[in-house]
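The lines below spell out each chain.
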Amino acid sequence: MTIVVRGGSVVSTSGATPADVVIDGETIAAVLAPGSPMAIAAADGAARVLDATGCYVLPGGVDAHVHLQLPMSPDATSSDTFETGTAAAAWGGTTTVIDFAGQLAGMHVRDAIDERHAEADGQCVIDYGFHLSMGDVHDASLDEMDAVMDEGITSFKYFMAYPGAWYSDDGKLLRAMQRAADLGAMVMMHAENGIAIDVLRNQAVEAGRAEPVWHGRTRPSRLEGEAVHRAAALAEIAGAPLYIVHLSSADALEQVRWARNRGQNVFAETCPQYLYLTIDEHLDREGLDGLRAICSPPLREHHHHGSLWQGLRHDDLAVVATDHCPFCDNEKLLGVDDFRATPNGLGSIEHRMDLLHSGVVTGQLGLSRWVETCSTTPARLFGLYPHKGVIAPGSDADIVVYDPDVTHTLGAETHHMNLDHSVWEGVEVTGQVRSVLSRGTFVIDDRSFVGRAGHGRFVPRGVSDLFV
Ligand code: URP
Ligand code: ZN
Ligand code: ZN
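Since the model is a prediction, treat every value here as computed from it, not as a measurement.

> Where do I start with the coordination of the zinc ion (ligand 3) in this structure?
Each angle at a metal carrying four tetrahedral donors should ideally be 109.5 degrees, and each at a metal carrying six octahedral donors should ideally be 90 or 180 degrees. Within the protein, His65 (NE2), His67 (NE2) and Asp323 (OD) serve as the donor atoms for the zinc ion (ligand 3), at 2.0 to 2.1 Å. Its four donor atoms give the zinc ion (ligand 3) angles of 87 to 133° at the centre, a pattern that matches the tetrahedral case. The sequence pattern describing where the donors of the zinc ion (ligand 3) fall on their chain is H-x1-H-x255-D.

Here it is in structure tokens:
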């Protein structure tokens, strides 16, 4: 079946151009000059012509960092399932998510991946991939990385934080990076100095400082910057590419810039919460209000925001992902007497494109950089390009028709995430998704949900084409 998306402005990394997009089955067949004989003929023969007049036509968003139905502890599992989370993502203009299979201490990598596949299979509304989080680095688990690559899981997350759970010491990190370098895999790093942070956390609680804001005060940005520096040094020794996840501070960005200026393949992602929310306004609140804003790294002071927006403009920050990891109030309340017991994470999977487009409207980011950081670069860094991340003949027909002029207010009443509150409550944004296609199938049609669980497929990934 042929669909023509007509009358819109196609946005790419090099600008916005009026064009009609012809979709044949699951892929894009042509991108044509509006009014050209070929465009007229395509529309005449199409089963459906979608009017995109006044709208941007975007390559579907790629959210490279999400945690759906993640069991964070025996008492807390992130509240969006593969079905609800991917539906909410589509509502927000995202057509591919990359979640994580997690190998905890004592687990075989094989089992971790098989379990995650079983959870996601048949549940997703849009396409998805997996990274592998490795919490137990040793000879046998490193050997398992080879087979994982062959299955299209080509990126591995390690943790300098969370001692006693996911943490790897520098020796383990170096060995993992050496293996990744041999395989051409991407090393993803949660870069916070978890050993020092644990000292500060325990000291704070022993001194009676157990309110939510102490979650942030005991994870200072200096210890994020220090960890990024160390990770970059280890990656340089190993010759491995490095991707810093959920970068939150100017200190950390400075170290990314330092490594990139040395010519290293060091990339970084930030998240909307680090561009908009602050420790003072969101975390420094009593009880549940503060607990809802607990994530790691923590929300920072306002002055970091400007540095991060600048990093996005200059490409020292390459990607905006959400680190979507929502917990409902009953689980957030686990930390009501001690912030350390709160499951870490926020819900944003639905709002990434709108929040970043609002940055375009306020002049923080160019239109092309919006698409580049939210779609094209994550696709390229994680081996999805050119199937994903671009509107071009032969690419998957993952297409978003986006109205840049609608203003709306975010909040729990109207969002589609399976979450009983919103850290974005009352935030007004400019721009809204009108229609979404995933591989040529409508998921959102003129703001009605028409998707189905099971449409979304696991996407085996290759390696990045961005390494120098
Ligand atoms: O608070 C966060 N970031 N939760 C998700 C787990 C992680 O470290 O990415
Ligand atoms: Zn992390
Ligand atoms: Zn995460």
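So that's the structure; there's more coming.
> Would you explain the pattern of salt bridges in this entry?
Note on pairing: side chains with opposite charge can pair once their charged atoms come close. Following the criterion strictly, the structure yields 31 salt bridges and no others. In this structure, Asp316 engages Arg260 in a salt bridge whose closest nitrogen and oxygen atoms are separated by 3.3 Å. On the criterion of sequence distance, the pair formed by Asp316 in the loop between α13 (303–314) and β15 (319–320) and Arg260 in helix α9 (residues 250–261) is long-range, its members being 56 residues apart. According to the relative accessible area criterion, Asp316 is buried, its value standing at 11%. For the salt bridge of Arg369 with Glu372, the shortest nitrogen-to-oxygen distance reads 3.1 Å. In this pair, Arg369 and Glu372 are both assigned in helix α16 (residues 367–381), three residues apart and thus about one turn of the helix distant. Among the residues examined, Arg369 registers a relative accessible area of 12% and is labelled buried. One continuous salt-bridge network, built from bridges that share partners, spans Glu26, Asp127, Lys388, Asp396, Asp398, Arg439 and Arg457.

> For this particular structure, what's the right way to read the site of ligand 1?
Not every one of the 13 residues close to ligand 1 is listed here, only the nearest: Lys157, Tyr162, Ser296, Asp323 and Asn344. Within the side chain of His190, one N or O atom sits 3.1 Å away from an oxygen atom of ligand 1. Gly345 places a main-chain nitrogen or oxygen 3.4 Å from an oxygen atom of ligand 1. Taking 270 Å² as the accessible area of ligand 1 by itself, protein coverage stands at 97%. The class makeup of the residues in the shell around ligand 1 is four nonpolar, seven polar and two charged.

Cut-offs applied
Residues numbered from 1 in each chain as written. Chains lettered and ligands numbered in written order. Predicted model: local features only at pLDDT ≥ 70, side-chain atom pairs only at ≥ 80, totals over all residues. Heavy atoms only, no water. Donors = N, O, S within 2.8 Å, 3.2 Å for Na, K, Ca; no water. Tetrahedral: all angles 85-135°; square planar, octahedral: opposite > 155°, others 65-115°. Salt bridge = Lys/Arg side-chain N within 4 Å of Asp/Glu carboxyl O. Helix = DSSP H or I, 4+ residues; strand = E, 2+ residues; numbered from the N terminus. Buried < 20%, exposed > 50% of the residue type's maximum accessible area, 1.4 Å probe, protein only. Near = heavy atom within 4 Å. Polar contact = N/O pair within 3.5 Å; in protein donor to acceptor, adjacent residues only side chain to side chain. Areas by Shrake-Rupley, 256 points an atom, 1.4 Å probe, with all protein chains shown as cover. Nonpolar A, V, L, I, M, F, W, Y, C, P; charged D, E, K, R; others polar.

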